[in-house]
Structure formats: C-alpha cells, structure tokens
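If you want the building blocks of each chain, they are given just below.
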Amino acid sequence: MRTTDLAGKGLRLTPFRGVRYVPEQVTSLSAVTSPPYDVVVRPDGLHHLECADPHNIVRLILPQAATPAARHRQAADTLARWLADGVLAVDPEPALYVYEQRGESAVQRGVIGSLALPDPADGVVLPHEDVMAEIVEDRADLMRATASNLEPLLLTYEGDGTTQAVLDRVARRTPLLATTTEDGYAHKLWSVTSAAEQAEITTGLARHQALIADGHHRWATYQRLREEHPGAGPWSYGLVLLVDTLRHPLQVRAIHRLLHGVPVAEAAASLHGFCRVRTLDAALPEALDALAAATAEGNAFLLAGDGGFRLVDRPDAGLLERTVRHDRPAAWRQLDATVLHSALIDEVWRVPDGPDHIGYIHDTVAAVRKAEQDGSTAVLLHPVREDVVRDLARKGVTMPRKSTSFGPKPATGLVLRTLAAG
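If you're wondering where the values come from, they're calculated on a predicted model, not measured in any experiment.

## Things to note about the pairing of strand E4 (residues 96-102)
- Most of E4 is tucked away: six of the seven residues are buried.
- Direction of pairing for E4 relative to strand E10 (residues 186-192): antiparallel, over a ladder of seven bridges. Note that in E10 the partner of Arg-102 across the bridge is Ala-186.
- By the bridge criterion, six bridges tie E4 to strand E5 (residues 107-116) in an arrangement that is antiparallel. Bridge pairing links Arg-102 to Val-107 in E5.
- Hairpin geometry of E4 and E5 is characterised by an intervening segment of four residues between the two adjacent antiparallel strands.

Here it is as structure tokens:
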C-alpha cells in the first residue's frame, strides 16, 4: 500500500542495539538459526534444530518444559545465561540493520529496526488475518518472561525508491555477518550506525503504511504488551523487517491444515452429498496442479494422508448459504479458508478449532508426511492471490487465521531485541 499523506502517522522505525550471536561461541551461524516459531514442524523439526547446536535459537522461541510457565521461565533463564556466557552479545551502538536473503531465483532486501507501535485505528500497519487467542497469550507470556523480541515480524510496504536506494548502497559494503541456511538461502546483515543514513531510511519510511506479511500473532502480542505498559517506554516498540514489495515482491503460499486423529477415508466419506470428491491417480506435483485448476473454477481442496490424494470441489450452494457469514464482502465469503472452516471443518466434520485438533503446517511435503505418519488428514489449500489479500486489508476485513504464508521469511536468530538493551 502506498500512502503519501498519513498526517504524520506513517511508519516510525528507530535504531536499536541488536543482540547477536558471537560467531566464535557457536558451531556456525547457520546452526543456531531457525525458521519462525510457527513454521517449525514439531516434533521432528524441533528436535533437528535442537541437535544442530546447543545454542540454537529454537531453545528461546520454542522452549520445552512440562508447563507453559516452566517453558517461559526456561527461555528467560537460557537467554540470561547465554548473555552472561558471551554466547550472545549486545552491539555497542544503536543501529538499523539491512538484511538480505538470496535464493536460487529471488533476492529480498529490507531493513530491520524497532518500530513505534501505532494505534490500530491509524491504519499505519494493516493486518489481514484473524488470530488465535491462546497463541497470542502464549507469545505474550514468553515476551514478558524474556523481556525481548526474539524474532522480527515481516512487513511489506509499497515504497517510492527513497529507502531502497540507501539499502542498496549499504549492501555494497562488507556485511556484518553472512551465512547460508539448510534451505539454500544465503543471508547477509549490515549494520547502519550513521545518523545521516539512519535518517534517510526512516524519513523515506515515514510516508508509508505497511501490510503484515508474516507475524499476526506476534503483532497482536506487541499491541497487548503496549497496552499493558502505557507511555513511551520500550514496550511501545516492536522488532520488524520492512520490505518494499514493489522492489522485492513476496511469494504467497498456502498454509495447510492437519486434522489430528481423523483418517482420510472418514473425512472423505463425510463429504458425500456436500461436495464432489474424486480420487486422483497422481503424485503430489500433479495433484497440486489439479488443485490449482479446480480453484480457478471455485473452492477446492486436496485431502492426503493415506498415500493418495482426493480432490474436493463444488461445495453445495445450500451448505455455503447456511454456514458462511453474510456480513462480509463477497471476496471474503469465497475464500477457500473461509469455506473450509465455516462449511467443512465446523459443519460437516465438526472438528473443534483448537491446537489439540487442528495443526497448521506451511510446507506441503511436510503436511502430507505428517498426516501419513499420524493416520490423520492433511487438507491442502491453493495460495490466495496477493491482490485479494491487500484489497481486503485496505477494507479492514481480516481473513481467517493462517490463510496465507508470505515469504521468504526472515531467519530467526540473526538479530534480537532485548528491552534492557534499548
């Protein structure tokens, strides 16, 4: 979203003293990074990251203990110990951080900083998805315990080239750190400590508003903690990565559902009379192509978990009429995620919408594999078009939670913000 007149209420990014790993104290920087907390597939992915290095950031963002209180206390104790032992160190000067991710076919370059949290009514930062209260509460408890922002949110804005020109200039210098993660992405980070360059970056951003691409639950957590600590203190800011989507368009992927304990045959049989269900004699790539073709004509889903795929489409008009809310725009009513939850999950399958019953997995292969391992049903979705996301956000309409996955997502662990460091 490009906005040139926000009456002084645009994005206000400020420098901060980043907390970073000391390279000599860890196996490698790639061994201590992690995907965002909600992308880690548990328990396999979590165990893999914990074994990569004893100081992997996953021990802070997804601590393991018997109770939530014990988990959060453990994360706080671990963070304090790593700081005391010199595993993590606070940068000497407040900085903005230019961050680049480079893959085989894409380069994304943005700026990480501490964003002054605007009033939601100002429309400076626009969410596009609903959130789950229990996840917000968990993230809030973790942030309270650690007094830290452990991973940046991903925000996009439609820039005018001013800020991006500074970022590109900085990126021609020797980076502060460079590493390549298991997914093949090369990551580089530069520190911007010059007051003049910081002003160039922040002045350019101040004319714009942003869309939350990734991190809705953490954004809701930032807002909650800001309300708990009124005033202009450190809780009034949150760690973000801002990317100019006109220069670096993000990829939009779907987030898939895992229906715990629901066999595929049972899920498919329940849809009789409500949808068309066809068994596909195809491998995953071809099945996804069939899903894409079906979604061009209407709502469609893939069921997986028993070694095959079933294509579900043409939901009954009467079912949609009585289950999908009428007080939302047509674009919202027609979303696959809307129909999936309102008509199929709530009405036909009657699966409670909670973490014990529904999992959310970003990676398609991981979703299918997990369903096959557990004897559950993976419901695969086709991505929503970005223009639909932005149009609904402009109208103040939020999509069903976990409707989109924008990427590439920033690696967690390259730079943290602790409230004590400022």
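## Comments concerning the nonpolar core
- Judged by nonpolar contacts, the single largest core of 111 residues is most densely connected at Leu-242, Leu-344 and Trp-349.
- It is helix H13 (residues 336-348) that provides the largest number of residues to this core, a total of seven residues.
- Trp-349 has contacts with Leu-259, Ala-267, Ser-270, Leu-271, Leu-303, Leu-340, Leu-344 and Val-379, leaving out every residue within four places of it along the chain.
- Judged by nonpolar contacts, the second largest core, of 18 residues, contains Ala-287, Leu-302, Leu-311 and Ala-366.

Reading the values: the criteria
Residues numbered from 1 in each chain as written. Predicted model: local features only at pLDDT ≥ 70, side-chain atom pairs only at ≥ 80, totals over all residues. Heavy atoms only, no water. Buried < 20%, exposed > 50% of the residue type's maximum accessible area, 1.4 Å probe, protein only. Helix = DSSP H or I, 4+ residues; strand = E, 2+ residues; numbered from the N terminus. Pairing = 2+ DSSP bridges. Core = buried A, V, L, I, M, F, W, Y, C linked by side-chain atoms within 4.5 Å. Contact = heavy atoms within 4.5 Å.

Don't take any of this as a statement about function, it's just geometry.
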